[in-house]
Amino acid sequence: MKILVCVKRVPFTGGKMVLNADGTALETRHLGFTISPHEECGVEEAVRIIEAVGGESVVLTLGPPDAVEQLRDAMSLGIDRALHLQTDAGEWDGQATAGAIVGAIHADEEASGPFDLILFGNESADAGGYQVGLRVARALGRPCATGLKGVKVDGSSVRCEQDTGAGRDVYVLPLPAVITVREGLNLPRYPSVPGRMRAARKPMTTLNRPARPEPRLELVRLAVPGGAGRKTQRLGTGSAAAPAVVEMMRTIGVV
Amino acid sequence: MSVVVLMEEGDPSRQMLTLARKFGAPLHGVPMDAFTPFAPDSVAAVLEYAAEELHATAVFAAGTDRGNEVMARLAARTDLPLAANCIAAEPGDPVQLTRQRWGGSLLEEARMHTTRALITVAPHSVRIEEGVQPLAVDVNRFQIDAKDQVVRVSEHVAPPGGGVSLAEAKVVVSGGRGVGSKEGFAILEELASLIGARVGCSRVVTSAGWRPHTDQVGQTGTKISPDLYIACGISGATQHMAGCKGAKKILAINADPEAPIMSLADYSVVGDLKEIVPAISAEIRKSR
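Residues numbered from 1 in each chain as written. Chains lettered and ligands numbered in written order. Predicted model: local features only at pLDDT ≥ 70, side-chain atom pairs only at ≥ 80, totals over all residues. Heavy atoms only, no water.

### What to know about the interface of chain A and chain B
Now for step 1: Tallying the contact residues gives 79 residues for chain A and 89 residues for chain B.
Now for step 2: At the boundary of chain A and chain B, one finds 10 salt bridges.
Now for step 3: Applying the counting criterion to the chain A and chain B interface returns 49 residue pairs in polar contact (both at pLDDT 80 or more).
Now for step 4: Class assignment for the residues of the side of chain A that touches chain B results in 40 nonpolar, 19 polar and 20 charged.
Now for step 5: One ladder, built from 4 bridges, connects strand β13 (residues 233-237) of chain A with strand β14 (residues 267-270) of chain B; its direction is parallel. In the sheet register, A:Gly236 faces β14(B), and the bridge partner there is B:Val269. (Contact = heavy atoms within 4.5 Å. Salt bridge = Lys/Arg side-chain N within 4 Å of Asp/Glu carboxyl O. Polar contact = N/O pair within 3.5 Å; in protein donor to acceptor, adjacent residues only side chain to side chain. Nonpolar A, V, L, I, M, F, W, Y, C, P; charged D, E, K, R; others polar. Pairing = 2+ DSSP bridges. Helix = DSSP H or I, 4+ residues; strand = E, 2+ residues; numbered from the N terminus.)

### A word on the domain arrangement of chain B
Residue and element names in this part refer to chain B.
Now for step 1: Domain assignment breaks chain B into domain 1 (3-132) and domain 2 (166-286).
Now for step 2: The interface of domain 1 with domain 2 comprises 4 residues on the first partner and 4 residues on the second.
Now for step 3: Carbon and sulfur atoms make up 42% of the area that domain 1 and domain 2 hide from each other, which totals about 330 Å².
Now for step 4: Interface area lost by domain 1 to domain 2 is led by Trp102, Gly103 and Ser105, which between them contribute 89%.
Now for step 5: Between domain 1 and domain 2 we count 0 salt bridges in total.
Now for step 6: Here domain 1 and domain 2 share 1 residue pair in polar contact (both at pLDDT 80 or more) between them.
Now for step 7: Within the side of domain 1 that touches domain 2, the residues separate by chemical class into 1 nonpolar, 3 polar and no charged. (Domains from an automatic or database assignment. Buried area = accessible area lost by both parts, 1.4 Å probe.)

Laid out in C-alpha cells, this is it:
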C-alpha cells in the first residue's frame, strides 16, 4: 500500500496573537512551529497503516524553506520519504494550494505508482479554509470523506467514521480514496532519538518551485478581535478563597 | 439576483440568512437532509444546479461541519473560491469579507474575486433577523449522477451513553498541565460530581494521554458554552480559549497570577489547585 499525508507548517500561538508591522501575518519571530494538529493525527495514522499492512508512506507540504522541519518531524515518526513544494513568503489560498498539490501527486504517481490513500487535516489551524482535501479529491476523481475520527483500511476499501456530535456516521469508500481527519483520531507518538536519526537520512525531494497563482480569496489584513470584554474579579488566594467561590456559584445559580 | 442557501435545523442557518439576503432576493433554500442517507456530493450537486438555473449571485451555508463540507465540495466541482466561517460580507466586485482564522482567535479581512460568491457563516457570530424565510427548492427536479452517490452514510454508530455531553454541559470543570498527572484529575472529578458538572481538559492533557480526546476543550477539541467554566491549571493559550470563549462565566484557578487566563476569566483564584479544588468541594458539602 502507498499512502500520502499532506501537512501544513503552522506557528505555536501560545497565549496572545501578535501581528507583524503591516498586519498581514502573525509575528512569528518568537514562536516555534509545528504540524497543524489534525494533520499530526494524519501522520500517525499513515504510519500505523503502513506498519500494519506494509508499503510506503510519503509526507508532502507546500510551504517555505523552513517547512523541512515539519517534514523531518513526520519522517522521525515513521514516514518513509518527503515531498516539499517550496514557496516564497505570501499566502496561498485553498484553490492555489490544491492545484499545486495535485500537480505533485500526478508527478509522484507517474514515477512510482498510485497512492491508495491520501490524508489531509480537516482544516488547517491557521487559515481554516476547510477545502484543500476536497479540492484535491475532486481533481483526482477520487471519493472523499471528511472530518474523520475513525479510519480502518480493509483490503480494497476504507471504513471512515465521522463524528457528528450525536454519534458517528460511517462511510465506506473504495480505494483509491482521499480522507480528511481530525484530532482525536489517534494519540500521536512522540519522536524517538533513533527515529530522528533515521529521519535525517530519509529522502527529501524539493519539487520545482511552483509559481503562486493570483489568489481568488485574497487576504487583505488581519486583526485581533476585541475579546469577550471580561473584567476579572479576584476571589482570593489559596483554599481561603473557597467560600467566595461557592458564593459566586450560588449567585449565578450553578449550586 | 437570487441567492441559494443551504439550510439545516438550528440557529446557525438562521444567522446565515442575515448575511445571505444582502446578496440578493429571493433566497432559495436547499435542505441539508435532501437525501437519505446523507450523500454530501449529491447535496453539492443540487446546490450547483440550482445556482445555475436561478443565476444565483451567491451560495451560502452555515459554518457547521456539514455546511463547510458541502460548500467545499461545491467549490471543488465548480472551481470557485470559497470563504469559510465569515462574520461579515458585502457584495461587489470583489466581494468584501471578514472571516475567522484560528478558530476565531484572529479575524481576516479578505477580497473574493469570483463570478459567484461561495460563503459559509461562522455560527453565533451574526444576529438572526426575524421573518426571513427562503423559498423551497424542489430537489427532486434534478438528476443526480451515480458518481455523486458514491460517498454516502452507510451506518450510524450511536454515541456512548451516560450523562450529558461536554458541548451541552451547564458546568464544566477542566484541568490543564497544572493538574500534573492522570491521577490528579480525581479532585476535579469529585468537584464535578458534587455539582453535576462534566470534566474537561486542555490539549496538553490529551497529548500526554491523561484524558481521552473527547474531554478536550479547544479549537481542535469541543467548543463549549456552559453557564460556568472552571479552568484549573490551564494557562489560557489561544487554542484553548477558542473552545471556551462561549462560556457565560469563567473561573480560573492558577498558581501563576500572570497566566493569560487570569486576565481572560471573569473570576480568578491564585494558588495551588490541589488545595483549592478540594476546599471548594468541602465548602459545598458544608453548605448542604
